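One letter stands for each residue in the lines below.
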Amino acid sequence: MSQPTPEVYETGRGMDAHNEVMREIRARNDQSYDPTEPTRVWLDEDNTPDGVRNSLTIILNTGGCRWARAGGCTMCGYVAESVDGGSVGHGNLMRQIEYCLDHEADNDDEAAELIKIYTSGSFLDEREVPAETRDAIAETFADRERLVLESLPDFVDREKLADFTDQGLEIDVAIGLETATDRVRHDSVNKYFDFADFEGACAEARAAGAGVKAYLLMKPPFLAEPDAAADMTRSIRRCAAVDGCHTVSMNPCNVQRYTMVEELYHDGGYRPPWLWSVADILASTADEDALVVSDPVGHGSDRGPHNCGECDDLVQRAIKDFNLRQDPSVFEEVFCDCEATWQYVMGEETAYNQPLVR
C-alpha cells in the first residue's frame, strides 16, 4: 500500500489519533453476516461514456477493507457489514454472485449491460477477492458490455485488469479519492494516499485499456458547508483534467453506523450536506470534459443529505435527471423557501460554528 508520511504516525496525532478512535468505535459492533449473501444488490440505470445503460450493482460481502481494519476512514461504515475473520473464500464469493444473478433474473427481463462490483474496500486487493475469484467473475460477466470495479489506488494493476479487458469488456476502475486536496483527505477523511497516487492509478488503468471513475466525498467531517462545496468544485475540476478519468461521482456524506461522523452527528457537531449544495455544484461543473454525477444516498433523512424535508424528493429527482441528461437547466425547475436558509448557511457558516442549522 502507499506509505503515509512519518508525521501521520506520530503517537496521539494525525492518523494515529484518528485510527485509535475509529478502532474503538468499530469495536462496538457485534453483528455477524452471512458469507454466502452479498451486502446489497440492486438494479438501476447509469450514465456511462457510451450513454445511459441498465445496471446491476453488487456489493460483495468480503473480509473488509484492510485500511479500515487499521482504523480507517472517518465516514465509512461498510467494514461494519463485513464477514468476521478477515476473509471470504472463493466458493462463498461465487455464491454471492449467483445470488445477484438470481436477483437480476427475478426483477428484469433483460440482462444489464453495466455491472458495478464493490466491496467494503478494494475489489483488486487479493486479500479481499482472490485471483481465482477475479478470473471467475470476469468469465461470468464476459457477455456484458461494461464493468465498474472498485479499488484503492495501490491495487490498480494492468495485469489484474487484463483478466477483464481480455474478455472484451470495457472496464472502469472506481477509486475512492474523496477529495483532490491532500490535507482534507488526510485530516478529515483519514485516508492515507495522495492525489499523485490517484494520478498514477489513472495512468496504470489507461495502460490496461481501462478508464477511471473518481468518487468524491461531499462534506467530510470538520468542514463547514461553504468550505466543503468549494473543495468539491475544485476537486471535480482537478479530477476531470486527469487523463483517463472520464467520470466523477460526487457522493454526499451520509451518517453511517460505527463511524466518527456518527459520533459527531449525535453530539451536534455534524450535519450532512444540503441537497441545494449538491445541485449547485453539479450545475457549476456541467461544463467539465467528464461525466459529473451524484447519488445522494439516504436523501431526505436526518442522517442523509437533505434540505427542509418538503423539497427533498423534488431536488433528488432533479439530480437523477441531471445524471442521465447532463443538463443543468433541470435545477431551474425546483423551488423551495428553504433555499434562502441554505444561502444564509453558505454565507455565514464556518468551521467553528457549524452546523448553523440541522
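Treat the numbers as computed from the prediction; the structure is a model and nothing was measured.

Caption draft 1: Representation of the overall build of the protein chain in the model. Looking only at helices and strands, the protein chain features 12 helices and 8 strands. A globule of 358 residues ought to have a C-alpha radius of gyration of about 21 Å, and the protein chain, at 20 Å, matches this closely. Taken along the three principal axes of its C-alpha coordinates, the protein chain extends 55 × 50 × 35 Å. In the protein chain, which comprises 358 residues, the proportion classed as buried is 54%. Restricting the contact set of the protein chain to residue pairs at least 6 apart, pairs at least 24 apart contribute 75%. Side-chain charges of the protein chain comprise 32 positive and 69 negative groups, with the mean position of each set lying 4 Å from the other.

Caption draft 2: Structural detail: the environment of D243. Its location among the elements puts D243 in the loop between α8 (225-240) and β7 (245-252). We classify D243 as exposed; its relative accessible area is 54%.

Caption draft 3: Up close: unusual backbone geometry. Put simply, Q354 and P355 share a cis peptide bond, and its omega is 0 degrees. With respect to the helices and strands, the residue P355 is situated in the segment after α12 (338-348). Not every positive phi belongs to a glycine, and N190 is a case in point at roughly 65 degrees. Mapped onto the elements, N190 comes out in the loop between α6 (182-189) and α7 (195-207). Here the phi dihedral of Y258 falls at roughly 60 degrees; this positive angle occurs in a residue that is not glycine. Residue position: Y258 is located in the loop between β7 and α9 (260-266). Residue Y258 is classed as buried on the basis of its relative accessible area of 12%.

Caption draft 4: Broad picture of the packing of helix α4 (residues 131-140) against helix α5 (residues 158-165). With their axes 8 Å apart at the nearest point, α4 and α5 run at an angle of 30 degrees to one another. Considering the angle they form, α4 stands roughly parallel to α5. Two secondary-structure elements touch here, α4 through R134, D135, I137 and A138 and α5 through K160, D163 and F164.

What counts and how
Residues numbered from 1 in each chain as written. Predicted model: local features only at pLDDT ≥ 70, side-chain atom pairs only at ≥ 80, totals over all residues. Heavy atoms only, no water. Helix = DSSP H or I, 4+ residues; strand = E, 2+ residues; numbered from the N terminus. Rg over C-alpha atoms; globule rule 2.2 N^0.38 Å. Buried < 20%, exposed > 50% of the residue type's maximum accessible area, 1.4 Å probe, protein only. Contact = heavy atoms within 4.5 Å. Lys, Arg positive; Asp, Glu negative; His and termini not counted. Charge placed at Lys NZ, Arg CZ, Asp CG, Glu CD. Axes fitted to C-alpha atoms, helices over the stretch in contact; angles between N-to-C directions. Parallel < 35°, antiparallel > 145°, perpendicular 65-115°, else oblique.

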